[in-house]
Amino acid sequence: MARRKKIYEGKAKTLYEGPEPGTIVQYFKDDATAFNAEKKDVIEGKGVLNNILSEYFMLGLANVGVPTHFLKRLNMREQLVRSCEIIPLEVIVRNYAAGSMSKRLGIEEGTQLPRPIVEYCYKEDKLGDPLVTEEHIAAFGWATQQDMDDILSLALRVNDFLSGVMYGVGIKLVDFKIEIGRVFEGDFQRLVVADEISPDSCRLWDLETGEKLDKDVFRRDLGSLTDAYTEVANRLGLLPKNQPPMGKPTLIN
Ligand code: UDP
């Protein structure tokens, strides 16, 4: 088979030219990085888990009418996606204080926020993805006002969907990051949820015990990252030897 053309190699994924024009193959690596790649490791099986988890979330979003770049999963580590122009922003939605917000504002981790808060960071590793305001985004032309309205609406819809799905399997969605892409259809452009949605880019806490089931397990050396991601995939019923979902709703007499 002819070697595929590599388009881009990121920290957790490699992108290859897809089989049809306008498509891309996303290959999920086992590499884990944190603190702007100062901490690095290879976590066997992480790529496989993120591939199936991201497929599950992207398909679910499409089913509730949220457009995504996802086309289909090709194999254990690869998925076919629509090629899009990534807007250089990390769109973060927070339901509970944690991580950088807790540090910045001195709010204890786990404090419920009065409403979901959406933040934007400029995607630039060299600068450590700094927090920016809509003023910066408009002034530097990273997105238009119409884009920002659409991005906010997409972010909140993703939050409602993901929060509900996770709550159903006994997990609290603390916060998450998404990336948004532009796809061009003739003269029109449309914004879609792009990149990936996985425990690498979410904070997921067990509803009852508060146990962390996301990349903080790696960032903070809390145990096995594969076990945490496997637990999430198992609760969602995505693995062949499915464990009974924990935290499933129980009927009260
Ligand atoms: N996040 C991410 N990529 C980044 C920065 C943040 O996926 O480059 C996710 C992170 O996993 C968390 C949310 O965005 O779910 C908010 O992260 P935060 O700003 O608290 O940063 P951190 O504490 O992870 O540095």
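Just so we're clear, the structure is a prediction, and the values are computed from it rather than from any experiment. (Residues numbered from 1 in each chain as written. Predicted model: local features only at pLDDT ≥ 70, side-chain atom pairs only at ≥ 80, totals over all residues. Heavy atoms only, no water.)

Novice: What am I meant to see in the overall build of the protein here?
Specialist: Assigned secondary structure in the protein consists of six helices and 14 strands. Against the compact-globule benchmark of 18 Å for 253 residues, the protein has a radius of gyration of 18 Å, which places it among compact chains. Within the span of the protein, comprising 253 residues, buried residues form 49% of the whole. For the protein, the share of sequence-separated contacts (at least 6 apart) that also reach a separation of at least 24 residues comes to 57%. As displayed, the protein has an accessible area near 13,400 Å², and 53% of this comes from carbon and sulfur atoms. Each charge class in the protein can be summarised by its mean position, and for the 33 positive and 39 negative side chains these summaries are 3 Å apart. (Helix = DSSP H or I, 4+ residues; strand = E, 2+ residues; numbered from the N terminus. Rg over C-alpha atoms; globule rule 2.2 N^0.38 Å. Buried < 20%, exposed > 50% of the residue type's maximum accessible area, 1.4 Å probe, protein only. Contact = heavy atoms within 4.5 Å. Areas by Shrake-Rupley, 256 points an atom, 1.4 Å probe, with all protein chains shown as cover. Lys, Arg positive; Asp, Glu negative; His and termini not counted. Charge placed at Lys NZ, Arg CZ, Asp CG, Glu CD.)

Novice: Is there a simple way to think about the packing of helix α1 (residues 46-63) against helix α4 (residues 145-168) in this case?
Specialist: Between two packed helices, what matters for the description is the angle formed by their axes and the separation of those axes. Direction vectors running N to C along α1 and α4 enclose 120°, while the axes themselves pass 11 Å from each other. By the angle between their axes, α1 is oblique relative to α4. The chirality of how α1 crosses α4 is right-handed. Contacts between α1 and α4 involve Tyr56, Phe57, Gly60 and Leu61 from the first element and Val158, Phe161, Leu162, Val165 and Met166 from the second. Among the residues making up the contact of α1 with α4, the classes are represented as eight nonpolar, one polar and no charged. (Axes fitted to C-alpha atoms, helices over the stretch in contact; angles between N-to-C directions. Parallel < 35°, antiparallel > 145°, perpendicular 65-115°, else oblique. Left-handed = near helix turned anticlockwise from the far one by under 90°. Nonpolar A, V, L, I, M, F, W, Y, C, P; charged D, E, K, R; others polar.)

Novice: When you look at the site of the ligand in this model, what are you seeing that I'm missing?
Specialist: Residues in contact with the ligand amount to 15 residues; listed here are only the nearest, Arg94, Ser100, Asp175, Arg203 and Arg219. Within the contact set of the ligand, an oxygen atom lies 2.6 Å away from a side-chain nitrogen or oxygen of Ser100. At 2.6 Å from an oxygen atom of the ligand is found a side-chain nitrogen or oxygen belonging to Asp175. Contact with the protein chains hides 78% of the accessible area of the ligand, taken as 500 Å² for the molecule alone. Its residues assigned to classes, the shell around the ligand comprises four nonpolar, three polar and eight charged. (Near = heavy atom within 4 Å. Polar contact = N/O pair within 3.5 Å; in protein donor to acceptor, adjacent residues only side chain to side chain.)

Novice: Could you clarify how one ought to interpret the pattern of salt bridges in this entry?
Specialist: Applying the stated criterion to the full structure yields 29 salt bridges. As a salt-bridge pair, Lys177 and Glu179 come within 2.8 Å of each other at their nearest N and O atoms. With respect to burial, Lys177 and Glu179 carry one shared label: buried. Overlapping salt bridges bring together Arg94, Arg104, Glu109, Glu119, Asp175, Arg203, Asp216, Arg219 and Arg220 as one network. (Salt bridge = Lys/Arg side-chain N within 4 Å of Asp/Glu carboxyl O.)

Novice: What is the right way to look at the environment of Leu89 in this model?
Specialist: By secondary structure assignment, the location of Leu89 is in strand β9 (residues 89-96). Distance in space between the C-alpha atoms of Leu89 and Pro130 is 9.8 Å, their sequence separation being 41 residues. Other than its neighbours up to four places away in sequence, Leu89 contacts Tyr120, Cys121, Tyr122, Lys123, Val132, Ile137, Trp142, Met148, Ile178 and Glu179.

Novice: For this particular structure, what's the right way to read the pairing of strand β7 (residues 78-82)?
Specialist: Regular strands show a simple pattern: their side chains alternate between the two faces of the sheet. Of all the five residues making up β7, four are buried; the element is thus mostly covered by neighbouring parts of the structure. Relative to β7, strand β6 (residues 70-73) is paired through three bridges, and the arrangement is antiparallel. The residue of β7 that forms the bridge with Arg73 is Gln79. In textbook terms, the turn of a hairpin is the stretch between consecutive antiparallel strands, and for β6 and β7 this stretch comprises four residues. (Pairing = 2+ DSSP bridges.)

Novice: Would you take a moment to explain the environment of Gly18 for this structure?
Specialist: For Gly18, the position within the fold is in the loop between β2 (13-17) and β3 (23-28). Once the C-alpha coordinates of Gly18 and Lys5 are considered, the two residues, 13 residues apart in sequence, prove to be 8.7 Å apart. Residues contacting Gly18, with those up to four places away along its chain left out, are Thr23, Ile24 and Val25.

Novice: Can you help me understand the packing of aromatic side chains in this one?
Specialist: The relation between two aromatic rings is expressed through the spacing of the ring centres and the mutual angle of the planes. Evaluation of the coordinates by the stated rule reveals three aromatic pairs. Arranged with centres 5.7 Å apart and planes meeting at 70°, the rings of Tyr56 and Phe57 form a pair that is edge-to-face. A residue is classified by how much of its surface remains accessible, and Tyr56, at 30% relative accessible area, is partly exposed. Overall, the relative accessible area of 3% leaves Phe57 in the buried class. On the numbers, 4.1 Å between centres and 10° between planes, the contact of Tyr122 with Trp142 is stacked. You can see Tyr122 sitting in strand β10 (residues 112-122) and its partner Trp142 sitting in the loop between α3 (134-139) and α4, a full 20 residues away along the chain. Joined through ring pairs, the aromatic side chains of Tyr122, Phe140 and Trp142 make up one cluster. Taking NZ or CZ as reference, Arg4 lies 4.2 Å from the ring centre of Tyr16, over its face. The ring of Phe218 is capped by Lys39, whose NZ or CZ atom sits 4.9 Å from the centre of that ring. (Phe/Tyr/Trp six-rings, centres within 6.5 Å; stacked < 30°, edge-to-face > 60°. Lys NZ or Arg CZ within 6 Å of the ring centre and 35° of its normal.)

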